[in-house]
Each structure stands twice: as C-alpha cells, then as structure tokens.
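# Summary of the model geometry
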Amino acid sequence: MCQHIPADKVAVLSMNNSEGVNTVPVPGRRCPACLERGDTVWVIPGKCCPQCGTPVN
Ligand SMILES: [Zn+2]
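Just so it is clear, the structure is predicted and the values come from calculations on it, not from any experiment.

What counts, and at which threshold
- Residues numbered from 1 in each chain as written.
- Predicted model: local features only at pLDDT ≥ 70, side-chain atom pairs only at ≥ 80, totals over all residues.
- Heavy atoms only, no water.
- Helix = DSSP H or I, 4+ residues; strand = E, 2+ residues; numbered from the N terminus.
- Buried < 20%, exposed > 50% of the residue type's maximum accessible area, 1.4 Å probe, protein only.
- Contact = heavy atoms within 4.5 Å.
- pLDDT = per-residue confidence, 0-100.
- Donors = N, O, S within 2.8 Å, 3.2 Å for Na, K, Ca; no water.
- Tetrahedral: all angles 85-135°; square planar, octahedral: opposite > 155°, others 65-115°.
- Core = buried A, V, L, I, M, F, W, Y, C linked by side-chain atoms within 4.5 Å.

### Overview of the overall build of the protein
Scanning the protein for helices and strands turns up two helices and two strands. Along the protein, helices and strands appear, N-terminal first, in the series α-β-α-β. When the 57 residues of the protein are sorted by exposure, 11% land in the buried category. Considering only residue pairs separated by 6 or more positions, the protein has 9% of its internal contacts joining residues 24 or more positions apart.

Given below as structure tokens:
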C-alpha cells in the first residue's frame with residue numbers, strides 16, 4: 001500500500017482546524033460626524049463616510 005500524502009495537503013488540513021477566524025478587526029476609523037449623532041460608522045481612512053459623506057483621514 002502506498003500511503004503517500006503530499007506535505008502541502010497536510011498543511012491545509014491542519015489550517016482548517018484552527019479557530020479565531022470569526023473576529024476580524026475593522027480596518028478604519030469612526031466617522032466623527034455620525035458619532036455626534038450617536039451612530040458608529042466605520043470609514044476607511046482616506047475615504048468618505050458612506051452615511052454622511054464626511055471625509056475621514
Ligand atoms: Zn458620517
């Protein structure tokens with residue numbers, strides 16, 4: 001019997017067992033204008049807020 005398993009396949013299987021994929025940190029900043037109204041809107045730095053259009057740096 002030949003039970004040859006490629007090394008890269010073993011690596012992929014072990015990667016699927018790892019946990020902690022659910023919590024992805026949000027890349028961006030909160031829009032200050034929306035924050036004043038009580039809304040937390042995350043904006044990517046350099047882009048405009050999708051809610052009010054305020055540019056966030
Ligand atoms: Zn906003």
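### Focus: the confidence of the model for the protein
The predicted model of the protein has a mean per-residue pLDDT of 78, with 60% of residues at 70 or higher. The element-level mean pLDDT for the protein is lowest in helix H1 (residues 7–16), coming to 58, with helix H2 (residues 32–36) highest at 96.

### Concerning the coordination of the zinc ion
At 2.2 to 2.3 Å from the zinc ion lie its protein donor atoms, namely Cys31 (SG), Cys34 (SG), Cys49 (SG) and Cys52 (SG). Bound by four donor atoms, the zinc ion shows angles of 105 to 114 degrees at the metal and therefore tetrahedral coordination geometry. The sequence pattern describing where the donors of the zinc ion fall on their chain is C-x2-C-x14-C-x2-C. Using a relative accessible area of 4% as the deciding quantity, one classes Cys49 as buried. A relative accessible area of 33% places Cys52 in the partly exposed class.

### Topic: the nonpolar core
Of all hydrophobic cores here, the largest spans six residues; its members are Cys31, Cys34, Val41, Val43, Cys49 and Val56. With near-sequence residues (within four places) excluded, Cys34 lies in contact with Asp39, Val41, Cys49, Gln51 and Cys52.

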